[in-house]
Amino acid sequence: QVQLVESGGGLVQPGGSLRLSCEASRSIFSENPLGWYRRAPGKQRELVAFVARTGSTNYATSVKGRFTVSNNYAKNTVYLQMNSLKPEDTAVYYCSVNFNGRDVWGQGTQVTVSS
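We now turn to the structure provided with this report. (Residues numbered from 1 in each chain as written. Predicted model: local features only at pLDDT ≥ 70, side-chain atom pairs only at ≥ 80, totals over all residues. Heavy atoms only, no water.)

**Quick notes on the sheet that holds strand β7 (residues 67-72)**
At step 1: Taken in spatial order, the 4 strands make up an open sheet running β1-β3-β8-β7, and their pairing is antiparallel. Each edge of the open sheet carries a strand with a single partner, namely β1 (4-7) and β7. Neighbour-to-neighbour, the strand axes of this sheet turn through a mean angle of 20 degrees, independent of strand direction. (Pairing = 2+ DSSP bridges. Helix = DSSP H or I, 4+ residues; strand = E, 2+ residues; numbered from the N terminus. Axes fitted to C-alpha atoms, helices over the stretch in contact; angles between N-to-C directions.)

Right, here's the structure in full:
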C-alpha cells in the first residue's frame, strides 16, 4: 500500500510563509487525486486545495491567491506553499490521496500563525 507523511508545519507570524510537504512511500501523486485539508480546533475539516488527475488544482476561497500546490514527483512529494498567513490559517494540515478507490491520510502537521 502507501503511506503519507506531512511535514513543514510550525509557528509563524501573521504575514509569514511556510511550505508544507507531503511525502509518499511510493510514486502515487502523478496518478491519483490529491487533497490538502486542514482542521482547526472546534471547526469542521476544510478542503484547502484539490488536485485532480488532470493536474487541475482548485483552492478554497479562503486561501486562493495565497496558497499554491506544487510537486516533485521524482521525490514522491507534493508541497503546499502558504504565503501571507493569517491567524485563521492556524490548523492541523493533512494531505490525502485517493488510492485504489480509498482515501489515504497522513498524520498531519501543525501550523500556528500568531504574533
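**Some thoughts on the pairing of strand β11 (residues 109-113)**
At step 1: Of the two faces of β11, the one holding Thr109, Val111 and Val113 is buried and the one holding Gln110 and Thr112 is not buried anywhere.
At step 2: Of the pairings in the sheet, the one linking strand β2 (residues 10-12) to β11 comprises 3 bridges and is parallel in character. Within β11, the residue paired with Gly10 across the bridge is Val111.
At step 3: Across 3 bridges, strand β9 (residues 91-99) lies against β11 in antiparallel orientation. Across the sheet, the residue bridging to Ala91 is Val111, located in β11. (Buried < 20%, exposed > 50% of the residue type's maximum accessible area, 1.4 Å probe, protein only.)

**Considering the state of the cysteines**
At step 1: This model, assessed by the stated rule, comprises 1 disulfide.
At step 2: Paired through a disulfide, Cys22 and Cys95 show a sulfur-sulfur distance of 1.8 Å. Classification of the bridge connecting Cys22 and Cys95 rests on its S-S torsion, roughly 65 degrees, and on that basis the disulfide is right-handed. Within this pair, whereas Cys22 is found in strand β3 (residues 18-24), its partner Cys95 is found in strand β9, the two being separated by 73 residues in sequence. (Disulfide = S-S within 2.5 Å.)

**A short note on the side chain of Asp89**
At step 1: Topologically, Asp89 is positioned in the loop between β8 (77-82) and β9.
At step 2: Among all residues touching Asp89, those that are not within four sequence positions of it are Arg38, Val63, Arg66, Phe67, Ser84, Val111 and Val113. (Contact = heavy atoms within 4.5 Å.)

**Structural notes on the packing of aromatic side chains**
At step 1: Summed over the entire model, instances satisfying the criterion amount to 2 aromatic pairs.
At step 2: Both rings, one in Tyr37 and one in Trp105, keep their centres 4.8 Å apart while their planes meet at 50 degrees; by these two values the pair is tilted. One end of the pair, Tyr37, is in strand β4 (residues 34-39); the other, Trp105, is in strand β10 (residues 102-105), and 68 residues separate them in sequence.
At step 3: Accessibility expressed as a relative area gives 29% for Trp105, which makes it partly exposed.
At step 4: Centre to centre, the rings of Tyr94 and Trp105 are 6.2 Å apart; their planes meet at 80 degrees, and the pair counts as edge-to-face. Residue Tyr94 is located in strand β9, and its partner Trp105 is located in strand β10; the two are separated by 11 residues in the primary sequence.
At step 5: With a relative accessible area of 22%, Tyr94 lands in the partly exposed category.
At step 6: The structure contains a cluster of three or more aromatic residues connected by ring pairs, namely Tyr37, Tyr94 and Trp105.
At step 7: Over the ring of Tyr79 we find Arg19; its NZ or CZ atom is 4.1 Å from the centre of that ring. (Phe/Tyr/Trp six-rings, centres within 6.5 Å; stacked < 30°, edge-to-face > 60°. Lys NZ or Arg CZ within 6 Å of the ring centre and 35° of its normal.)

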